[in-house]
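Descriptive analysis of the structure
As a plain string of letters, each chain reads:
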Amino acid sequence: TFMLSSAASASKPTPCSAPPRRASPTQKSMSNIGIPIKVLHDAEGHTVTVELKNGEVYRGKLDEAEDNMNVHLSNCTKTMKDGQVEMLSNVFLRGSHVRFMVLPDILKNAPFFKKIDTKANKASKAGKAKQAATQRAAGRPTPGMPPPKGRAARDGAR
């Protein structure tokens, strides 16, 4: 294989040691994609509405969604900008042309949202612990120090 470098002219390709390796679909991890794309993948099999940048609206069953938001819909209704409606059996929509998608409300209960809630709960529990410690220390003469013991406590701190 040959690779063009910026120093070499277009007529003189330079040899490359090996072609770049692409990860197979099984090697790709879901951790590299964001939550909106994960929600989109979870919507597969449900009815969705997709509006394109040109104003057309498509509503149908989401058969497949890709990470770049390319989607395949079946049993689809296409509503054009002028209101004209057309029924289509299968549609493939390019992700870069999508303005927005409306997904089913049931996806609010998706499992990865529970992970986010767990982290939020941990943060709120840490805040409650700090608040409780502050309240315990409020009655002390020196915050953060234990109450004095012995004669000093009986006579009062002088």
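Whatever comes next refers back to the structure up there.
Below you will find a few notes about this structure.

Procedures and definitions
- Residues numbered from 1 in each chain as written.
- Predicted model: local features only at pLDDT ≥ 70, side-chain atom pairs only at ≥ 80, totals over all residues.
- Heavy atoms only, no water.
- Helix = DSSP H or I, 4+ residues; strand = E, 2+ residues; numbered from the N terminus.
- Buried < 20%, exposed > 50% of the residue type's maximum accessible area, 1.4 Å probe, protein only.
- Contact = heavy atoms within 4.5 Å.
- Areas by Shrake-Rupley, 256 points an atom, 1.4 Å probe, with all protein chains shown as cover.
- Polar contact = N/O pair within 3.5 Å; in protein donor to acceptor, adjacent residues only side chain to side chain.
- Core = buried A, V, L, I, M, F, W, Y, C linked by side-chain atoms within 4.5 Å.
- Pairing = 2+ DSSP bridges.
- Axes fitted to C-alpha atoms, helices over the stretch in contact; angles between N-to-C directions.

**Quick word on the overall build of the protein chain**
Tallying secondary structure elements over the protein chain gives 3 helices and 7 strands in all. Listed by position from the N terminus, the elements making up the protein chain come as β-β-α-β-β-β-β-β-α-α. A buried classification covers 21% of the 158 residues belonging to the protein chain. A separation of at least 24 residues holds for 39% of the contacts in the protein chain among residues at least 6 apart in sequence. Carbon and sulfur atoms make up 55% of the accessible area of the protein chain, which amounts to about 12,200 Å² in all.

**What about the environment of Lys-78?**
Topologically, Lys-78 is positioned in strand β5 (residues 71-79). Spatially, the C-alpha atom of Lys-78 lies 6.7 Å from that of Arg-59, the residues being 19 residues apart in sequence. Beyond its immediate chain neighbours, meaning those up to four positions away, Lys-78 contacts Glu-56, Val-57, Tyr-58, Gln-84, Val-85, Glu-86 and Leu-88.

**A look at unusual backbone geometry**
The phi dihedral of Met-69 falls on the positive side, at around 70°, and the residue is not glycine. The exposure class assigned to Met-69 is partly exposed, which follows from its relative accessible area of 28%. Of note, Asn-75 is a non-glycine position whose phi angle comes to about 45°, a positive value.

**Looking at the environment of Asn-70**
Residue placement: Asn-70 occurs in the loop between β4 (57-65) and β5. Setting aside residues no more than four positions away along its own chain, Asn-70 makes contact with Glu-64, Ala-65, Phe-92, Leu-93, Arg-94 and Gly-95. At 2.6 Å, the side chain of Asn-70 forms a polar contact with the backbone nitrogen of Gly-95.

**Digging into the environment of Asp-42**
Here Asp-42 is to be found in helix α1 (residues 35-42). Looking at Asp-42, the relative accessible area reads 34%, which means it is partly exposed. For the pair Asp-42 and Leu-103, spaced 61 residues apart in sequence, the C-alpha separation works out to 9.7 Å.

**Let's talk about the nonpolar core**
Among the nonpolar cores identified, the biggest contains 19 residues, and Val-50, Tyr-58, Leu-62, Leu-73 and Leu-93 are the most heavily contacted of them. Dropping the residues within four chain positions of it, Leu-62 is found in contact with Leu-40, Ala-43, Glu-44, Gly-45, His-46, Val-48, Val-71, His-72 and Leu-73.

**Thoughts on the side chain of Glu-56**
Here Glu-56 shows up in the loop between β3 (47-52) and β4. Discounting chain neighbours no more than four positions away, the residues touching Glu-56 are Val-50, Glu-51, Lys-78, Thr-79 and Met-80.

**Overview of the pairing of β5**
Look at any regular strand and the pattern is simple: side chains alternate between the two faces of the sheet. Pairing geometry for β4 and β5, over 7 bridges, is antiparallel. Pairing of Lys-61 across the sheet is with Ser-74, part of β5. Counted between consecutive antiparallel strands, the loop separating β4 from β5 contains 5 residues, among which Met-69 sits at a positive phi close to 70°. In this sheet, strand β6 (residues 85-93) lies alongside β5 in antiparallel orientation, the contact comprising 8 bridges. Residue pairing across strands places Val-71 opposite Leu-93, the latter belonging to β6.

**Some remarks on the sheet that holds strand β7 (residues 98-102)**
If you walk across this open sheet you meet the 5 strands as β6-β5-β4-β3-β7, and the pairing is antiparallel. On the outer flanks of this sheet lie β6 and β7, each paired with one strand and no other. Adjacent strand axes in the sheet meet at a mean angle of 30°, parallel and antiparallel pairs treated alike. When β3 meets β7, the two strands line up antiparallel, connected through 4 bridges. Paired with Leu-52 across the bridge in β7 is Val-98.

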